[in-house]
Amino acid sequence: MGRFVWTLLAGFAIGTPAIPVGLSLSLPGPVVLFAVLLGSACCVVFAVFAMEQARLHWQSWQARRKSPVVSAGSGTGTSADGAPSSGVAAVGSPAGDRLSGAAGRRARRVFERYGVVGFGIVGPALFGTWGSSLLGAALGIPRWRLIRWLMAGVTLWCAVLLVASDAALDAFGIE
């Protein structure tokens, strides 16, 4: 039971790279896969909800901070096209670009090219479980679509890593 818990915690902390940890604790492959997937699912759900709350808090803070400037500057609180101004910059605009670092640019490029499905499948391999969860939520991907596709990607990469790790352990005679 203790080895399962350690593997589950490793799955929560580091995601798919926890597969070799579970195998090194002499757990059977299916048990390792289940423990890491359970830990990764907790990680994905926690990170997506936490980042979504942080993003909403940030947007409301920005709106409160800019609302006196917007209403004082325009006098009517409307934008140039006549739509009501919210005080929050659009995601695609330079002022609203929350992800301007290298990882953010890479995440945006993957998301724009492949959509939610591609981001969910490729994200765990490129950014890790935590990184892809946080970046996906910061990009504003709807939470349940993001969670569903990230878990599909985590499952795929865990299965690949389980087969590769098991083959490597057999090749080197470790067991």
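Q: Help me out: how do you make sense of the overall build of the protein in this one?
A: For the protein, the helix and strand inventory stands at five helices and zero strands. Start at the N end of the protein and walk to the C end: the helices and strands fall as α-α-α-α-α. Of the contacts formed within the protein by residues at least 6 apart in sequence, a portion of 67% connects residues at least 24 apart. Total accessible area computed for the protein in this model is approximately 9700 Å², and 68% of it derives from carbon and sulfur atoms.

Q: Would you explain the nonpolar core in this entry?
A: One recurring pattern in soluble globular proteins: nonpolar side chains tend to sit buried together. Counting 27 residues, the largest nonpolar core has Ile-19, Phe-119 and Leu-146 as its most contacted members. Only α2 (19-24), α3 (29-74), α4 (102-138) and α5 (143-171) provide two or more residues apiece to this core. Ranked by residues supplied to this core, first place goes to α5 with eight residues. When near neighbours in sequence (up to four residues on either side) are disregarded, Ile-19 contacts Val-32, Leu-33, Val-36, Cys-158, Leu-161, Leu-162 and Ser-165.

Q: Which parts of the structure should I look at to understand the pattern of salt bridges?
A: A side chain with one charge can pair with a side chain of the opposite charge if their charged atoms come near. Under the counting rule described, the total for this entry stands at one salt bridge. Glu-52 is paired through a salt bridge with Arg-143; the nearest N and O atoms lie 2.8 Å apart. In this pair, Glu-52 is assigned in helix α3 and Arg-143 in helix α5, connecting sequence segments 91 residues apart. Classification of Glu-52 as buried rests on a relative accessible area of 11%. The exposure class assigned to Arg-143 is partly exposed, which follows from its relative accessible area of 30%.

Q: What is the right way to read a nonpolar patch on the surface from this model?
A: Nonpolar side chains collect at one region of the surface, where Met-1, Val-5, Trp-6 and Leu-9 lie side by side and expose about 490 Å² of accessible area between them. Taking relative accessible area as the criterion, Leu-9 reaches 42% and is therefore assigned partly exposed.

Q: Explain α5 here, please?
A: Side chains that are three or four residues apart share a direction in an α-helix, a result of its 3.6 residues per turn. In a regular helix each residue adds 1.5 Å, so 29 residues correspond to 42 Å; α5 covers 41 Å between its end C-alpha atoms and thus fits that length. All of the buried residues along α5 are Leu-146, Ile-147, Leu-150, Met-151, Gly-153, Val-154, Cys-158, Leu-162, Ser-165 and Leu-169.

Q: Can you help me understand the side chain of Thr-7 in this one?
A: Along the chain, Thr-7 turns up in helix α1 (residues 2-14). A relative accessible area of 0% means that Thr-7 is categorised as buried. A distance of 2.8 Å separates the side chain of Thr-7 from the backbone oxygen of Arg-3, its partner in a polar contact. Setting aside chain neighbours within four positions, we find Thr-7 in contact with Ala-18, Gly-22, Leu-25, Leu-27, Val-32, Ala-35 and Val-36.

Q: Where do I start with a positive patch on the surface in this structure?
A: A contiguous patch of positive charge on the surface is contributed by Arg-105, Arg-106, Arg-109 and Arg-113. Structurally, the position occupied by Arg-113 is in helix α4.

Q: What is the right way to read the packing of α4 against α5 from this model?
A: When two helices pack together, their arrangement is given by the angle between their axes and by how far apart the axes lie. At a minimum axis distance of 8 Å, the contact between α4 and α5 shows a crossing angle of 100 degrees. With respect to each other, α4 and α5 are oriented roughly perpendicular. Contact residues: α4 offers Val-116, Val-117, Phe-119, Gly-120, Ile-121, Pro-124, Ala-125, Thr-129, Ser-132, Ser-133, Gly-136 and Ala-137, while α5 offers Arg-145, Leu-146, Trp-149, Leu-150, Ala-152, Gly-153, Val-154, Leu-156 and Trp-157. Its residues placed into classes, the contact of α4 with α5 shows 14 nonpolar, six polar and one charged.

Q: Teacher, can you tell me more about the confidence of the model for the protein here?
A: Note: predicted coordinates in regions of low pLDDT should not be interpreted at a detailed level. Across the protein, the average pLDDT comes to 82, with 81% of residues at or above 70. Per-element averaging of pLDDT across the protein places α3 at the bottom with 85 and α5 at the top with 93. This model gives residues 75-96 a pLDDT under 50, and the stretch forms 23 contacts once residues within four places in sequence are excluded.

Cut-offs applied
Residues numbered from 1 in each chain as written. Predicted model: local features only at pLDDT ≥ 70, side-chain atom pairs only at ≥ 80, totals over all residues. Heavy atoms only, no water. Helix = DSSP H or I, 4+ residues; strand = E, 2+ residues; numbered from the N terminus. Contact = heavy atoms within 4.5 Å. Areas by Shrake-Rupley, 256 points an atom, 1.4 Å probe, with all protein chains shown as cover. Core = buried A, V, L, I, M, F, W, Y, C linked by side-chain atoms within 4.5 Å. Buried < 20%, exposed > 50% of the residue type's maximum accessible area, 1.4 Å probe, protein only. Salt bridge = Lys/Arg side-chain N within 4 Å of Asp/Glu carboxyl O. Patch = residues over 30% accessible without salt bridge, like charges linked within 9 Å, V, L, I, M, F, W, Y side chains within 5 Å. Expected span 1.5 Å × (residues − 1). Polar contact = N/O pair within 3.5 Å; in protein donor to acceptor, adjacent residues only side chain to side chain. Lys, Arg positive; Asp, Glu negative; His and termini not counted. Charge placed at Lys NZ, Arg CZ, Asp CG, Glu CD. Axes fitted to C-alpha atoms, helices over the stretch in contact; angles between N-to-C directions. Parallel < 35°, antiparallel > 145°, perpendicular 65-115°, else oblique. Nonpolar A, V, L, I, M, F, W, Y, C, P; charged D, E, K, R; others polar. pLDDT = per-residue confidence, 0-100.

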